[in-house]
Amino acid sequence: MKVALLYFSDFWNKLDIGAILLFAAGLSCRLIPGLLYPGRVILSLDFIMFCLRLMHIFTVSKTLGPKIIIVKRMMKDVFFFLFLLAVWVVSFGVAKQAILIHNESRVDWIFRGVIYQSYLTIFGQMPAYIDGVNFSLDQCSPNGTDPYKPKCPESDAIRHEPAFPEWLTVILLCLYLLFTNILLLNLLIAMFNYTFQQVQEHTDQIWKFQRHDLIEEYHGRPPAPPPFILLSHLHLFIKRVVLKIPAKRHKQLKTKLEKNEEAALLSWEIYLKENYLQNQQYQQKQRPEQQIQDIRDKVSTVVDLLERESLKQSGLVEQRLASLEEQMAQTSRALHWIVKALRDSGFGSEEGFPTLAPQKASLGRDREPDGGHKAEDAGDTHHVNARHLLYPNSHVTRFPVPNEKVPWETDFLIYDPPFYTDDRKDKGLVDPVGNALEPLAGITYNAVDGPIDRRSFHGVYAVQDGLPLNPMGRTGLRGRGSLSCFGPNHTLQPVITRWRRNQDGAICRKSIKKMLEVLVVKHPVSESWALPGGSREPGEILPRKLKQVLRREFWSPFQNLLIQGTEVYKGYVDDPRNTDNAWIETVAISIHFPDQSDMDLKRLNSHLHTCDPGMSVQWQVVDKRIPLYANHKTILQKVAALFGAFY
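Residues numbered from 1 in each chain as written. Predicted model: local features only at pLDDT ≥ 70, side-chain atom pairs only at ≥ 80, totals over all residues. Heavy atoms only, no water.

J.: Help me get a handle on helix H2 (residues 11-31), residues and values and all.
T.: The first and last C-alpha atoms of H2 sit 31 Å apart over 21 residues, in line with the 30 Å expected at 1.5 Å per residue. Those residues of H2 that fall on the buried side of the exposure criterion are Trp12, Asn13, Leu15, Asp16, Ala19, Gly26 and Cys29. (Helix = DSSP H or I, 4+ residues; strand = E, 2+ residues; numbered from the N terminus. Expected span 1.5 Å × (residues − 1). Buried < 20%, exposed > 50% of the residue type's maximum accessible area, 1.4 Å probe, protein only.)

The following block contains the structure:
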């Protein structure tokens, strides 16, 4: 039963059975003399079915095979389309027949007038009496008694003219042709086009499935084609019934493959998968929406770069203005002294003689973390980056502070800086927000305040009105800004270096000095590289940024490397985020790998990774032109001097 149901589930098998039954019926009629003509009619219809059966052979063709599927689906479209068409055909046919013909009693001519003539009108065969122009009594039967002529329409027997309303039948005909020829037929064409497009997109897949089904079908059939297949069936009948030869199990197609065949199939599938994915990606990129998205992303990137460049230029202009203000102040003092000396009618005394400060070259060279000069150098130690007018990542503007007004010891009566405290997302260990003193009363400065160390590397700092004062002087902004804590914010900057080597393993040199490479990271929102350091969680040794580029299993070994490292700097950092009440102090530790075969170096390289897809980590050649954060450049210069390397 299951085999029969499986056999009849195929459309072509149903067509085979129908064609064979019709052939048997037609052949039987041909053998009876009285049924010779009906037999010929049946066989002619059977010939059509056998011709349609030949279409199944075309499935082996890659070009014609999918077209058979298109024809089958279009037949379904036509089937549903006929329901819409029947409404218009019947409505127009009934109305036309009722208006033109009176009491037609012949059923066959009623069908002709209602259905047949209305259907032919779609293809251009207009009814003869629809407008009364071709009206003739010779071409119709007045009483409907002639079986070969249609009944005459309503007419005036005396004047021999049509009596039906011609204007009404013409209007009905025009409306009928408008909706059927233009609306419905174009709808059918659109349905055919949609079906064609759907199948055409998957032509290759349809052909492969059809070929597989055809091969599987003929694999289980006798090899001889009709009509010689009767010999195969006769041979099979003799073997099973006459000779009693038991049936052998028919060898089916393989359902399991050998290992080498399965490996080849998997390789082929992987190849096809890659081709398919590449085609999908290419089509996705060619879509107008995706191209617009790519252009938008590129424009956004260019706008961001231009904004950052404008911020850089504004920072340089601010530095130049600060230097110009300083020079003007010094010039004013010198002129004041000259005027006073001339007024006293003498050459003046050495007491109070002003010294003109040389113009700063901070625009052309890198600043030290303590404000632009080495700690051991004598001279001006005022921070500069901490006095940029625009505070980073905000719309806050600092109060302008000239160099001579930076120290707290100098009176600055008009000094009225704004108060700014950023509302950080990490609420863990962050001091309260706002300028109210009550929430800040519980903070203990110049000591270890719970998990936070508020002691400064520069000794005891002053506390005024419940807020600590920056030991390096005024910055033009009160509050803690975007930093975590009031007072010193301690950071750690590990400087991880190795010797730069050529392909032969020899250390590269420049200007006789050896060249270093340093491990740096870059965030997606930044244009400059930076050392993998920063703030630390309470009780932790490794900074957060370093944990983002190191795998967890290497954290403990790296802590040992930090303990064995060399401290190259410890103190205040001139950072744009500093304020009057919060500032950054750092400890820079050098970790150097002199040997390229060092196991710790290999383990470090193998454990480097980035949690953020936009973050980058790599080894950079140590050079003063390296695009590195300015304060980090100064630390790197100290490390290069420590090893006598090129910078």
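J.: Describe the environment of Leu389, naming the residues involved and giving the relevant values.
T.: With respect to the helices, strands and loops of the structure, Leu389 is situated in the loop between helix H10 (288-343) and strand S3 (419-421). Residue classification places Leu389 among the partly exposed positions, given a relative accessible area of 28%. Note: C-alpha distance between Leu389 and Val401 (12 residues apart in sequence) is 9.4 Å. Not counting chain neighbours up to four residues away, the residues in contact with Leu389 comprise Glu318, Val396, Thr397, Arg398 and Pro400. (Contact = heavy atoms within 4.5 Å.)

J.: Go over the layout of surface pockets with me, naming the residues and quoting the values.
T.: Here the second largest pocket defines a volume of roughly 1,900 Å³. Lining the second largest pocket are 49 residues, and of these Asn13, Asp16, Arg53, Glu217 and Arg221 lie nearest its centre. Every element with two or more residues in the lining of the second largest pocket is listed here: helix H1 (2-8), H2, helix H3 (36-53), helix H4 (65-100), helix H6 (166-200), helix H7 (203-219) and helix H8 (229-242). The dominant element in the lining of the second largest pocket, judged by the number of residues it contributes, is H7, at 9 residues. Here the residues of the lining of the second largest pocket are counted per class, giving 28 nonpolar, 12 polar and 9 charged. (1 Å grid on protein atoms, 1.4 Å probe; cavity = no way out; pocket = protein on both sides within 12 Å on 5 of 7 lines; lining within 4 Å. Points joined across faces, edges and corners; volume = space filled by probe spheres on them. Nonpolar A, V, L, I, M, F, W, Y, C, P; charged D, E, K, R; others polar.)

J.: Go over the side chain of Lys96 with me, naming the residues and quoting the values.
T.: Relative to the helices and strands, Lys96 resides in helix H4. Under the relative-accessibility criterion, Lys96 is labelled buried at 4%.

J.: Please provide a residue-by-residue account of the nonpolar core, values included.
T.: Counting residues in each nonpolar core, the largest one holds 22 residues, and the members touching the most others are Ile496, Leu550, Phe558, Leu562, Phe593 and Leu604. Elements supplying a minimum of two residues to this core: strand S9 (487-499), strand S12 (516-522), helix H11 (544-549), helix H12 (555-564), strand S15 (582-593) and helix H13 (599-606). Excluding residues within four positions of it along the chain, Leu604 makes contact with Ile496, Leu550, Phe554, Phe558, Phe593 and Trp619. Membership of the second largest hydrophobic core comes to 18 residues, among which are Leu516, Val568, Tyr569 and Ala640. (Core = buried A, V, L, I, M, F, W, Y, C linked by side-chain atoms within 4.5 Å.)

J.: Outline a nonpolar patch on the surface, listing residues and values.
T.: A cluster of nonpolar residues, Phe228, Leu231, Leu234, Phe237, Ile238, Val241, Val242, Leu243 and Ile245, forms a patch on the protein surface that exposes about 860 Å² of accessible area. Examined against the element boundaries, Phe228 turns out to sit in the loop between H7 and H8. The exposure class assigned to Phe228 is exposed, which follows from its relative accessible area of 52%. (Patch = residues over 30% accessible without salt bridge, like charges linked within 9 Å, V, L, I, M, F, W, Y side chains within 5 Å. Areas by Shrake-Rupley, 256 points an atom, 1.4 Å probe, with all protein chains shown as cover. Salt bridge = Lys/Arg side-chain N within 4 Å of Asp/Glu carboxyl O.)

J.: Report on the packing of H4 against H7, specifying residues and quantitative values.
T.: For the pair H4 and H7, interaxial distance at closest approach is 8 Å and the crossing angle is 100 degrees. The pairing of H4 with H7 is recorded here as roughly perpendicular in orientation. When H4 is examined against H7, the residues Gly65, Pro66 and Ile69 are found in contact with a partner set consisting of Thr203, Ile206, Trp207 and Gln210. Counted by class, the contact of H4 with H7 contains 4 nonpolar, 3 polar and no charged residues. (Axes fitted to C-alpha atoms, helices over the stretch in contact; angles between N-to-C directions. Parallel < 35°, antiparallel > 145°, perpendicular 65-115°, else oblique.)

J.: Report on the packing of H2 against H3, specifying residues and quantitative values.
T.: The interhelical angle for the contact between H2 and H3, taken along N-to-C directions, is 160 degrees, at an axis separation of 8 Å. Accordingly, the angle class assigned to the pair H2 and H3 is roughly antiparallel. H3 is crossed by H2, and the crossing has left-handed handedness. Between H2, through Trp12, Leu15, Asp16, Gly18, Ala19, Leu22, Phe23, Ala25, Gly26, Leu27, Cys29 and Arg30, and H3, the contact on the second element is made entirely by Leu36, Gly39, Arg40, Ile42, Leu43, Asp46, Met49, Phe50, Leu52 and Arg53. Across the contact of H2 with H3, the residue classes tally to 14 nonpolar, 3 polar and 5 charged. (Left-handed = near helix turned anticlockwise from the far one by under 90°.)

J.: Break down the pairing of S12 for me, citing the residues and quoting the values.
T.: Within S12, 6 of the 7 residues are buried, leaving the element largely enclosed by the surrounding structure. Relative to S12, S9 runs antiparallel, the two being bridged by 3 bridges. Bridge pairing links Thr497 to Val518 in S12. (Pairing = 2+ DSSP bridges.)

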